[in-house]
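# Close look at the chain arrangement
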Amino acid sequence: MKIEQIELRHLVMRLVAPFETSFGVEQDRACIIVAMRAGGFTGYGECVAAAEPGYSYETATTAWHILSDFLVPAVLGQELTDIPSFIAHYARVRGNPLAKAGLEMAAWDVLGQAQDRSLAEMLGGVRDRVEVGVSVGIQPTTAALVERVGRYIGEGYARIKIKIKPGRDLTDARAVRAAYPSIRLQVDANSAYLLADAPLFQQMDDLNLLLIEQPLGEDDIYDHSKLQPQLRTPICLDESILSADHARAAIELGACRIINIKAARVSGLFEGKKVHDLCQERGVPVWCGGMLETNIGRASNLALASLPGFTLPGDVSATSRYYAQDIADPPFVLNPDSTLSVPTGPGLGVQVNQQNLERFTVKRQVFAA
Ligand code: OSB
Ligand code: MG
């Protein structure tokens, strides 16, 4: 199939509530939606680069530049036969994993539709439902956080992650643990601390946390290897792991005992599966992270999380936790057992709502072969 056309859309979508992390607050979430036309099919991808370079150095604007000036020209007019040969077209483009992952997702969707196979099937998924939790942003007060967590537990989420930052760490974590003594609980620091903060994390060892996510710098696998031996609680790396090679280095250095896999952060689903396979081989549990995706990215996350090594609940919550109106149907609804169902239709298995897609688009460009 010849890749005949690629359309990029920069979207801005209002979240149902502001999402605060150690790097900032997000209320209007940006993303780039890629629509790839080949062989009579249209495949969709979601690039999760945000408005600001807080989680990643990439932004929606830099990703637009990398996509439109380098990645799209590298694949437009080419034959789409399989993912490895597709990726090879832009292998010379350094870095920019979020931009690459958005484009790659659209290629998986086209291939899945052409082969009449679901993305989960193509990746080697083994389950039709995935255990999920909810990632709770920093709230105005500790009391508001406890209340917020209580509401999510009431909705049926069996695993809670709270965001922490200096000044809003131990107190928040202790308060949530005191209010919900048996809930599966974890914290995410998004790189806000230094190795010198080890005593703070040692105090968290009493809270029976599943894991502590990315306490130290994104470029600092080494200092994580100094921190992990000082803690009983497993460290889980997110920002630090940009490839299967990074995952191998982190595991061999003892920098973490768990890895959060986001396909976007590792340049796409193909590399994400490689991280999964390596971790499975080394006995390291993994779980699927989230980037406040629309239902397009959420469908991709659920397919990835259906692989056998994903043994911890993912940050993939119901559609209503993020958006009042989404750009693809049907909405994902939490099952009573704190799972989401993995889409079964060909490719991503969701239907894009063109009206909503248009409504949230702030910029659009079409590239034709
Ligand atoms: O660190 O996991 C993170 C959202 C944006 C950027 C980084 C992170 C997150 C989340 C949200 O934690 C997870 C979700 O999509 O529900
Ligand atoms: Mg994280």
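Description of the structure in this document. (Residues numbered from 1 in each chain as written. Chains lettered and ligands numbered in written order. Predicted model: local features only at pLDDT ≥ 70, side-chain atom pairs only at ≥ 80, totals over all residues. Heavy atoms only, no water.)

Next up on the list: the site of ligand 1. Taken together, 15 residues lie near ligand 1, and Ser135, Lys163, Asn190, Leu292 and Tyr322 sit nearest. Protein coverage of the free-state accessible area of ligand 1, which is 390 Å², stands at 99%. Class assignment for the residues of the shell around ligand 1 results in five nonpolar, three polar and seven charged. (Near = heavy atom within 4 Å. Areas by Shrake-Rupley, 256 points an atom, 1.4 Å probe, with all protein chains shown as cover. Nonpolar A, V, L, I, M, F, W, Y, C, P; charged D, E, K, R; others polar.)

All right, on to the sheet that holds strand S7 (residues 184-188) then. Strands sit in the order S5-S6-S7-S8-S9-S10-S11 across an open sheet of seven strands; the sheet is parallel. Of all strands in the sheet, those bounded by a partner on one side alone are strand S5 (134-136) and strand S11 (286-288). Running at roughly 170° to S7, helix H6 (residues 170-179) makes contact with strand S6 (159-163) and S7 of the sheet. (Pairing = 2+ DSSP bridges. Helix = DSSP H or I, 4+ residues; strand = E, 2+ residues; numbered from the N terminus. Contact = heavy atoms within 4.5 Å. Axes fitted to C-alpha atoms, helices over the stretch in contact; angles between N-to-C directions.)

Bound to the magnesium ion (ligand 2) on the protein side are Asp188 (OD), Glu213 (OE) and Asp238 (OD), at distances that span 2.1 to 2.3 Å. Linear spacing of the donor residues for the magnesium ion (ligand 2) on their chain is D-x24-E-x24-D. In this pair, aspartate 188 is assigned in strand S7 and aspartate 238 in the loop between strand S9 (235-237) and helix H9 (244-253), connecting sequence segments 50 residues apart. Taking relative accessible area as the criterion, aspartate 238 reaches 0% and is therefore assigned buried. (Donors = N, O, S within 2.8 Å, 3.2 Å for Na, K, Ca; no water. Buried < 20%, exposed > 50% of the residue type's maximum accessible area, 1.4 Å probe, protein only.)

As a further point, take H9. For H9, every residue scored as buried is listed here: Ala244, Ala247, Ala250 and Ile251. The arc enclosing the buried residues of H9, seen along the axis, measures out at 120°, which places them on a common side. Along H9, the residues that are exposed and aim more than 90 degrees away from the buried face are Asp245 and Glu252. Lining the buried residues of H9 we find helix H8 (221-227), S9, strand S10 (258-261) and helix H10 (269-282). The residue sitting at the N-terminus of H9 and contributing the capping side-chain oxygen is serine 243; that oxygen lies 3.3 Å from the backbone nitrogen of aspartate 245. In the segment just after H9, glycine 254 is the residue with positive phi, at about 70°. (Arc of directions from axis to C-beta. Polar contact = N/O pair within 3.5 Å; in protein donor to acceptor, adjacent residues only side chain to side chain.)

Okay, the pairing of strand S3 (residues 41-47) next. Counting buried residues in S3 gives five out of seven residues, a clear majority hidden from the surface. Connecting the antiparallel pair strand S2 (residues 24-38) and S3 is a turn made up of two residues, with glycine 39 showing a positive phi of about 60°.

In this structure the tally under the stated criterion is five aromatic pairs. Here phenylalanine 86 and tyrosine 90 contribute two aromatic rings whose centre-to-centre distance is 5.6 Å and whose plane-to-plane angle is 85°, an arrangement assigned as edge-to-face. Measuring from centroid to centroid gives 6.0 Å for tyrosine 152 and tyrosine 157, while their planes differ by 80°, and the two rings are edge-to-face. With respect to class, tyrosine 152 is no different from tyrosine 157; both count as buried. The ring of tryptophan 287 is capped by arginine 159, whose NZ or CZ atom sits 5.6 Å from the centre of that ring. The aromatic ring of tyrosine 322 is capped on one face by arginine 321, whose charged end is 5.1 Å from the ring centroid. (Phe/Tyr/Trp six-rings, centres within 6.5 Å; stacked < 30°, edge-to-face > 60°. Lys NZ or Arg CZ within 6 Å of the ring centre and 35° of its normal.)

On to the packing of H9 against H10. Remark: H9 packs on H10, axes separated minimally by 8 Å, with the N-to-C direction vectors making an angle of 25°. Taken together, H9 and H10 sit at an angle that is classed as roughly parallel. Two packed elements cross with a definite hand, and for H9 against H10 that hand is right-handed. Touching Ala244, Ala247, Arg248, Ile251 and Glu252 of H9 are Glu271, Lys274, Val275, Leu278, Cys279 and Arg282, all from H10. When grouped by side-chain class, the residues that make up the contact of H9 with H10 number six nonpolar, no polar and five charged. (Parallel < 35°, antiparallel > 145°, perpendicular 65-115°, else oblique. Left-handed = near helix turned anticlockwise from the far one by under 90°.)

On to unusual backbone geometry. Put simply, aspartate 329 and proline 330 share a cis peptide bond, and its omega is -5°. Structurally, proline 330 is set in the loop between strand S12 (328-329) and strand S13 (339-341). Although it is not a glycine, aspartate 116 sits at a positive phi angle of roughly 55°. With respect to the helices, strands and loops of the structure, aspartate 116 is situated in the loop between helix H3 (97-115) and helix H4 (119-123). Assessed through its relative accessible area of 58%, aspartate 116 is described here as exposed.

Another point: the sheet that holds S3. The four strands lie next to each other as S3-S2-S1-S15, forming an open sheet whose pairing is antiparallel. Edge positions in the sheet fall to S3 and strand S15 (361-368), since each has one partner strand and no second. Sheet twist, expressed as the mean angle between neighbouring strand axes with direction ignored, is 20°. Bridge count for strand S1 (residues 3-21) against S15 is seven bridges, and the pairing is antiparallel. Note that in S15 the partner of isoleucine 6 across the bridge is phenylalanine 367.

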